[in-house]
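# What the coordinates show
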Amino acid sequence: MAPGRINLIGEHTDYNDGFVLPAAIDRSIVFGMNLNDGNIFRFYSIDYDEYFETKEISQRDYKFPWVSYLIGVLAQFQKEGISLKGIDCVFGGDIPIGSGLSSSAAIECGFATGLNELYKANIEKYQLTLMAQKAEHEYAGVLCGIMDQYASMFGRKDQVFKLDCRDHEHEYFPLDLEDHVIVLCDTRVKHKLADSAYNKRRQECDDGVRTLQEFDRSVIALRDADQTLMQKHKDSFDPLIFKRCMYVVKENQRVLKACKALKKKDFKTFGLLMYQSHEGLQRDYEVSCDELDVLVDLTREMDFVLGSRMMGGGFGGCTINLIEKSSLNNFTQLISKGYKESTGMSPNIYSVKIEDGAKAFG
Ligand code: ADP
Ligand code: MG
């Protein structure tokens, strides 16, 4: 089994070698797996009620999109020199799909963890994490950073961790929210643009790095830039690229500030940083959408909401909100009503608990 994840702050910073603040949650994908006698891979998705079997793993496109994640992981085991025996695998879960909670990473990490046991491969968790990420790159075609798979693998109950996406060093600390609770509001939309825009943003960031490198060879990723350096060379940037890169630079700084605030239990400051993060994603990085903005804007009128922002790649999915526990019912009612009035749809709203990362049982 492997969980989905939230990210408290630090959006689109992971592939810029920056910082993120994720945690694994109490929603997961669970696998039943066994070796079979043949050399065939058999998969059944409970949630889609779809069955697929194959003997070869060189393809990228399969009849059902979910197959790619699993085959992608198998391919990584093969690359590690493990001889692939046939597998029967059935899986399903309760992570909202395509909502920015990384159901895809949970599939990759859960399957990788199960294969590691069945093949007795003894691959360390860190290596499995990298393999899961590669499966997403190579087979799903999404050039995701390391955060999603890392959180799904390394999450710990009641703790968040600051992850340095450059050297993958991570620092856990307890998430003691006292009288507050984390609530997700799912727009229940995912606009088609999501994956292509994600890859485009990555290119835009690389573009920005190339510009900075003309002046400073020590800049390897946007993580190495600060606002002063950016401003100094502003004229050398295409204005759009400048705006994108400036968002990333500021968001990285916000993660560090947010960690300090959380450790001090300064939830007010933490909440303000969440709002700032959203504004950057909306106006500068331009990966939000009307539905996400509606959800965040609704909270601005509510004095029991400390912070709210879109979470995940963007163009749909969830917002993450920090609210006073005693107002959870009120929050749910107001958001449901407001969202319905603006969009005609009902959002899914749920509070989340922080849980352990991927595990193999028996
Ligand atoms: P996210 O990772 O944010 O949830 P993605 O678009 O990256 O969204 O991944 C969603 C895809 O992962 C789905 O289209 C599907 O192929 C696969 N997937 C996720 N959850 C399940 C599930 N419970 N059963 C089968 N496939 C799933
Ligand atoms: Mg995903």
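Computed from a predicted model, the values in this text were never measured in an experiment.

Each helix and strand in the chain was counted, giving 10 helices and 12 strands. For the chain, whose C-alpha radius of gyration is 21 Å, the value lies close to the compact-globule estimate of 21 Å for 362 residues. Its C-alpha atoms put the chain at 60 × 55 × 40 Å along the principal axes. The burial tally for the chain puts 57% of its 362 residues in the buried class. Considering only contacts in the chain between residues 6 or more positions apart, those separated by 24 or more positions represent 71%. Per element, the accessible surface of the chain, about 15800 Å² overall, is 46% carbon and sulfur. Side-chain charges in the chain split into 44 positive and 54 negative, and the spacing between the mean points of these groups amounts to 1 Å.

This part covers the domain arrangement of the chain. Segmenting the chain into domains produces domain 1 (2-174) and domain 2 (180-351). Each of domain 1 and domain 2 has a C-alpha centre, and the two are 24 Å apart. Every contact between the two is made by 34 residues of domain 1 and, on the other side, 42 residues of domain 2. Three residues, Ile9, Glu11 and His12, lead the burial of domain 1 against domain 2; their summed loss comes to 22% of the area buried on that side. Across the domain 1-domain 2 interface, the total number found is 21 residue pairs in polar contact (both at pLDDT 80 or more). Taken together, the residues of the side of domain 1 that touches domain 2 break down into 14 nonpolar, 11 polar and 9 charged.

Here we take up the pairing of strand 10 (residues 305-310). With respect to burial, strand 10 is a largely interior element, 6 of its 6 residues being buried. Across 5 bridges, strand 10 lies against strand 11 (residues 316-324) in antiparallel orientation. In the strand pairing of strand 11, Arg309 is matched with Ile320. Hairpin connection from strand 10 to strand 11: 5 residues lie between these consecutive antiparallel strands, with Gly312 at a positive phi of about 95 degrees.

Let's shift gears to the sheet that holds strand 3 (residues 22-35). A sheet is described by the order of its strands in space; here 5 strands give the open sequence 1-3-6-4-5, paired in mixed fashion. The open sheet has two edge strands, strand 1 (2-7) and strand 5 (50-54), and neither has a second partner. Each strand of the sheet is rotated relative to its neighbour by a mean of 20 degrees, with strand direction disregarded. Note that strand 1 and strand 3 share 5 bridges and pair antiparallel.

By nearness alone, 19 residues border ligand 1, and Asp47, Gly98, Ser103, Ser104 and Lys190 come closest of all. Contact between ligand 1 and Asp47: a nitrogen atom at 2.8 Å from a side-chain N or O atom of the residue. At 3.0 Å, a side-chain N or O of Ser104 approaches an oxygen atom of ligand 1. Residue assignment for the shell around ligand 1 shows that the elements contributing at least two residues are helix 1 (65-79) and helix 2 (103-118). Here the residues of the shell around ligand 1 sort into 10 nonpolar, 7 polar and 2 charged.

Counted under the stated rule, the structure contains 15 aromatic pairs. Relative to Tyr62, the ring of Phe52 has its centre 5.6 Å away and its plane inclined at 80 degrees; by these criteria the two rings are edge-to-face. Here the residue Phe52 occupies a position in strand 5, and Tyr62 occupies one in the loop between strand 5 and helix 1, the gap between them amounting to 10 residues. Each member of the pair, Phe52 together with Tyr62, is buried. Centroid distance Phe77 to Tyr119: 6.1 Å. Interplanar angle 70 degrees. Geometry classified as edge-to-face. With Phe77 in helix 1 and Tyr119 in the loop between helix 2 and helix 3 (125-140), the pair connects residues that are 42 residues apart, well separated along the chain. Tyr119 sits in the buried class, given a relative accessible area of 8%. An aromatic cluster of three or more residues is present, and its members are Phe31, Phe43, Phe52, Tyr62, Phe64, Trp66, Phe91 and Phe111. We note Arg156 situated over the ring of Tyr172; from NZ or CZ to the ring centre the distance is 3.7 Å.

So, about the pairing of strand 3. As paired elements, strand 3 and strand 6 (residues 87-93) share 7 bridges and run antiparallel to each other. Paired with Ile29 across the strands is Gly93, a residue of strand 6.

Parameters at a glance
Residues numbered from 1 in each chain as written. Chains lettered and ligands numbered in written order. Predicted model: local features only at pLDDT ≥ 70, side-chain atom pairs only at ≥ 80, totals over all residues. Heavy atoms only, no water. Helix = DSSP H or I, 4+ residues; strand = E, 2+ residues; numbered from the N terminus. Rg over C-alpha atoms; globule rule 2.2 N^0.38 Å. Buried < 20%, exposed > 50% of the residue type's maximum accessible area, 1.4 Å probe, protein only. Contact = heavy atoms within 4.5 Å. Areas by Shrake-Rupley, 256 points an atom, 1.4 Å probe, with all protein chains shown as cover. Lys, Arg positive; Asp, Glu negative; His and termini not counted. Charge placed at Lys NZ, Arg CZ, Asp CG, Glu CD. Domains from an automatic or database assignment. Buried area = accessible area lost by both parts, 1.4 Å probe. Polar contact = N/O pair within 3.5 Å; in protein donor to acceptor, adjacent residues only side chain to side chain. Nonpolar A, V, L, I, M, F, W, Y, C, P; charged D, E, K, R; others polar. Pairing = 2+ DSSP bridges. Axes fitted to C-alpha atoms, helices over the stretch in contact; angles between N-to-C directions. Near = heavy atom within 4 Å. Phe/Tyr/Trp six-rings, centres within 6.5 Å; stacked < 30°, edge-to-face > 60°. Lys NZ or Arg CZ within 6 Å of the ring centre and 35° of its normal.

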